Structures are given as structure tokens and as C-alpha cells.
Amino acid sequence: MAGPIIPIRSPPTNVVASLGGAMKPQSSPLASIPLEVLLHINRHLTTPEYCNLRLTCKHIEDQLLNAFAREFFQKKQFMFTEFSLQALVDISKSRFASTLKHVIFGLEQPQKSPPMTVPSQTLSPANAARQNRLIMDWLNHSTFLNTGQNVEMLAEAFSTLPCLETVGLRDFNSNSRHRDRPNTFWNSYGAPTYFKETGSHMLGPYNRQPFGVASASDQVSFVHRAFQDILRGAGKASIHLKDFEIILRTYPLNDRAFILPKYLEPTISPVLANLRTIFLDLNSDPPFIHVEAKNGLTPCPSYSLMKFLSSAVNLEHLRLNFSSYHSTESILSWLSRSPPTYNPTAAASPLAEPQP
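Throughout what follows, the structure given in this document is the object of discussion. The shown structure was predicted, so the numbers you read here are calculated from the model rather than taken from an experiment.

With that settled, consider the overall build of the protein. Each helix and strand counted, the protein has twelve helices and ten strands in total. Here the protein holds 356 residues, and 42% of them are scored as buried. Put simply, of all contacts in the protein between residues at least 6 apart along the chain, 78% involve residues at least 24 apart. Summed over its atoms, the accessible surface of the protein is roughly 19,500 Å², and 56% of this surface lies on carbon and sulfur atoms.

Another point: the sheet that holds strand β7 (residues 277–282). Overall, parallel pairing links the six strands, which are arranged β3-β4-β5-β6-β7-β10 in an open sheet. In this open sheet, the two edge strands, each paired with only one partner strand, are β3 (75–78) and β10 (317–322). If you compare each strand with its neighbour and ignore which way they point, the axes differ by 15° on average. In terms of strand pairing, strand β5 (residues 166–170) meets strand β6 (residues 243–247) through five bridges, oriented parallel.

Our focus in this paragraph is the nonpolar core. Core analysis: the biggest nonpolar cluster contains 76 residues, and F80, F105, F158, L169, F227, L253 and L280 have the highest contact counts within it. Per element, the largest residue contribution to this core is nine residues, and it comes from helix α8 (residues 213–237). Aside from chain neighbours lying at most four places away, what touches L253 is V223, H224, F227, I246, L248, F258, L280, D281, L282 and N283. Counting residues in each nonpolar core, the second largest holds five residues, with M79, A191, Y194 and M202 among its members.

This part takes up a nonpolar patch on the surface. On the surface, F322, L332 and L335 cluster together into a nonpolar patch covering about 230 Å² of accessible area. Counting through the fold element by element, L335 comes out in helix α11 (residues 329–336). Classification of L335 by relative accessible area gives partly exposed; the value is 35%.

Where helix α1 (residues 35–42) meets helix α3 (residues 58–73), the closest approach of the two axes is 11 Å, and the angle between their N-to-C directions is 65°. Judged by the angle between their axes, α1 and α3 are roughly perpendicular. You can see that α1 and α3 cross each other, and the crossing is right-handed. In this structure, α1 uses L35, L38 and L39 to contact α3, whose residues at the interface are I60, Q63, L64 and A67. Counted by class, the contact of α1 with α3 contains six nonpolar, one polar and no charged residues.

Evaluated as defined, the whole model comprises 15 aromatic pairs. On the numbers, 6.4 Å between centres and 70° between planes, the contact of F105 with F158 is edge-to-face. With F105 in strand β4 (residues 102–105) and F158 in helix α6 (residues 149–158), this residue pair connects regions lying 53 residues apart in the sequence. Their ring planes at 40° and their centres at 5.8 Å tell us that F227 and F308 sit as a pair that is tilted.

Moving on: helix α9 (residues 265–274). Listing the buried residues of α9 in full gives I268, V271 and L272. With its buried residues spanning 100° around the axis, α9 presents them on a single face.

The next thing to look at is the environment of T99. Following the sequence through the fold, T99 ends up in the loop between α4 (82–92) and β4. Residue classification places T99 among the buried positions, given a relative accessible area of 2%. In the structure, T99 is positioned 63 residues away from P162 in sequence and 8.7 Å away in space, judged by C-alpha atoms.

It is worth spelling out the pattern of salt bridges at this point. Enumeration over the complete set of coordinates arrives at twelve salt bridges. Measuring nitrogen to oxygen at the nearest pair gives 2.8 Å for the salt bridge that ties E61 to R54. On the accessibility criterion, E61 (7% relative accessible area) is buried. Its salt-bridge partner being R133, residue D137 comes within 2.7 Å of it at the nearest N-O pair. Separated by four residues within a single helix, D137 and R133 lie in helix α5 (residues 125–146), roughly one turn from each other. With a relative accessible area of 31%, R133 lands in the partly exposed category. Linked by salt bridges that have partners in common, R54, E61 and R95 make up one network.

The subject of this paragraph is the side chain of S174. Within the fold, S174 resides in the loop between β5 and α7 (191–198). S174 sits in the buried class, given a relative accessible area of 13%.

At their nearest, the axes of helix α2 (residues 47–54) and α3 sit 9 Å apart, and the two run at 145° to each other. Contacts between α2 and α3 involve T47, Y50, L53 and R54 from the former and I60, E61, L64, L65, A67, F68, E71 and F72 from the latter.

Our next topic: the pairing of β4. Burial of β4 is two-sided: the residues H102 and I104 facing one way and the residues V103 and F105 facing the other way are all buried. Alignment of β3 against β4, held across four bridges, turns out to be parallel. Paired with K76 across the bridge in β4 is V103. This β-α-β element, β3 to α4 to β4, shows right-handed connectivity. Relative to β5, β4 runs parallel, the two sharing four bridges. By the bridge assignment, I104 is partnered in β5 with G168.

Conventions used here
Residues numbered from 1 in each chain as written. Predicted model: local features only at pLDDT ≥ 70, side-chain atom pairs only at ≥ 80, totals over all residues. Heavy atoms only, no water. Helix = DSSP H or I, 4+ residues; strand = E, 2+ residues; numbered from the N terminus. Buried < 20%, exposed > 50% of the residue type's maximum accessible area, 1.4 Å probe, protein only. Contact = heavy atoms within 4.5 Å. Areas by Shrake-Rupley, 256 points an atom, 1.4 Å probe, with all protein chains shown as cover. Pairing = 2+ DSSP bridges. Axes fitted to C-alpha atoms, helices over the stretch in contact; angles between N-to-C directions. Core = buried A, V, L, I, M, F, W, Y, C linked by side-chain atoms within 4.5 Å. Patch = residues over 30% accessible without salt bridge, like charges linked within 9 Å, V, L, I, M, F, W, Y side chains within 5 Å. Salt bridge = Lys/Arg side-chain N within 4 Å of Asp/Glu carboxyl O. Parallel < 35°, antiparallel > 145°, perpendicular 65-115°, else oblique. Left-handed = near helix turned anticlockwise from the far one by under 90°. Nonpolar A, V, L, I, M, F, W, Y, C, P; charged D, E, K, R; others polar. Phe/Tyr/Trp six-rings, centres within 6.5 Å; stacked < 30°, edge-to-face > 60°. Arc of directions from axis to C-beta. Right-handed = clockwise from strand over helix to strand, strands pointing away.

This is how it looks when you write it as C-alpha cells:
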């Protein structure tokens, strides 16, 4: 099915105004090339070359606009930083808003601890400025998340993306980008620019430092936070997502990620109720909730996940990938059962397994 048509500017008139009076508009010789040939040529260009081609003249830009929008704005990846989410907000208010159908969030962030410092006597002004930038980025990022501004920006963007269907979370950069292959990946918006400006890579699951228990624990907490903040943003925007795709190669979600406090249920439950597809990568780190079973009490590593999925009443496609999982028997058995008649006694029991 063809994508939405991007509105373009009005075609040029025969004359345009200039400081010296009227003059005939200039046009590139490429303007006479049929669109089919132009698109074939375009497939062999690098991204900078493609952008230069679009800048040759207004007619070329208009001819290539829909193809450009489908390739670069139908699916985009961002991260939980203010400058990256601001780009998402700006796109949601642009002529490309109706093209964007699939939004992915990466897990890059500024360094979780201040950069190593050197004695001030040997610190050059340039290095001091760079170090100040890194420290302020770290401090501002913590404040940005702790104040919930990321959720507000997600809600603002989601509410003005009329064709948004799929939202995903991933901890890697895809190498499926065909243009500029083989050494170019789909990065989160702003990550390459951040490296150019600071000389420091954003911190991600694939390059966390130092390698230690505390660092891993921080990253797990950040993944869980990102997961719930996406749902909160979608809920605040009152949008009807179709697909929610969580693809995590390094830090799968454990059961704590699916805890929905009472105060968040009115916001998140409507989002879950509209989903048709859910992809999840899971592990089962303790502690576990214990529930009643035929042979007595048994650990239930999927307790909160069961409650989470019970809200997805219109679900058609569920994909669960298990990594270092305590036992998949309880969740798979639970998924195979039909919802029972409501039993208020069972629901009130603190040892009852969540109902399907």
C-alpha cells in the first residue's frame, strides 16, 4: 500500500522577484530527467550525495520528496536524551509527521559517572571545555529523566503523529541500512553528532564502563525505566498503538519491568488493551513472587508479566524470547488457559496466580 503523500510547495511561476527586477527561474538540467530514471540514479548515491541532489533545484526536491520521506522518515530511531527527543517532537510538527509509522528507541545515554579528570595544572582550555561539556551532559541527563520531562516530550510527539503504529525498544544499532553499506548503521538520532562534538561515544549496553555489578544494575534499571516511560508517554498521548516491539540482546526484561502501580493503570492499561502485537525478550532474575500450586507454594518468575499481558485483551501476536529463565512452564501454561469466570475470592488471595 502506498504511503501518505507529502505536501509540497506550489510549483514555480514563470518569473521570480529579485533585487534587480523580474528574472526567469534557474533550473537544473537534471529537471528534464524522468522521475523513474531519477529514482534509479538515486539508489546508487550515498546519503550526502542524495541530499546534494535534492538541493540542485526546487523541482528535483519536489520530485524526490515522497521517496526521501519513505526512506528516512517512515521508521526512525531516537534515544532518551533531550536533544534526540526534541528532534522527534520537531518531526511530529513537520510535513513528515504523516509519514512516520515506526519509532524505535535506543538505549544510548551520556556517561553514567563524571569523566576522569586530570590535574588542573596540565589541563588545556580546550580540554577543560570538553570536560565541562561531558560533566554537564551527565548532570543534565539525570535531571531530564528524574523530572519526567522525557515522558512529557514523548506524549507531545506521539499525540501529533497521526500514522504511528509501531513503537520499539532495542539495545543495538541495526545494520540493515542498505544505503551507505557496509559500515553504516541505523543509529539513534543525535548519537553520531554527539561523538563529533565531544569526542566521546554515548554510553550503551554494548560499551558500558566499567564492567562491574553496579554498572550492570544501573543499566538494567535504565532499561526498565525506558520500557515503562514509553508506555506512559503513549498513555498520556491517548494513542492507539498496534505493535510494541522490545528486542534486547544484552539486557532482557525481568519481571520487575512489568509492575504497574495502581496510579499508572489508568494511563497504561488503555495502551495495552489496543495492542495487536507484542515482542518481548525476557529473563527471570530474583526475587520471585510465590503462588499457590497443586503441590504447595511455588515461585512464579512471571507474576507481573501475567498481570501485564492480561490487560492486552485484543492481542493477536505474542512473541516471547527467554534468556536464562528460571522456568517457562508457568507462563506457557498460563497462556494456554482460557480466562475463567471471575472469582472474587481467588482474586483477593495474596497467593493467587493472576488470572488470564
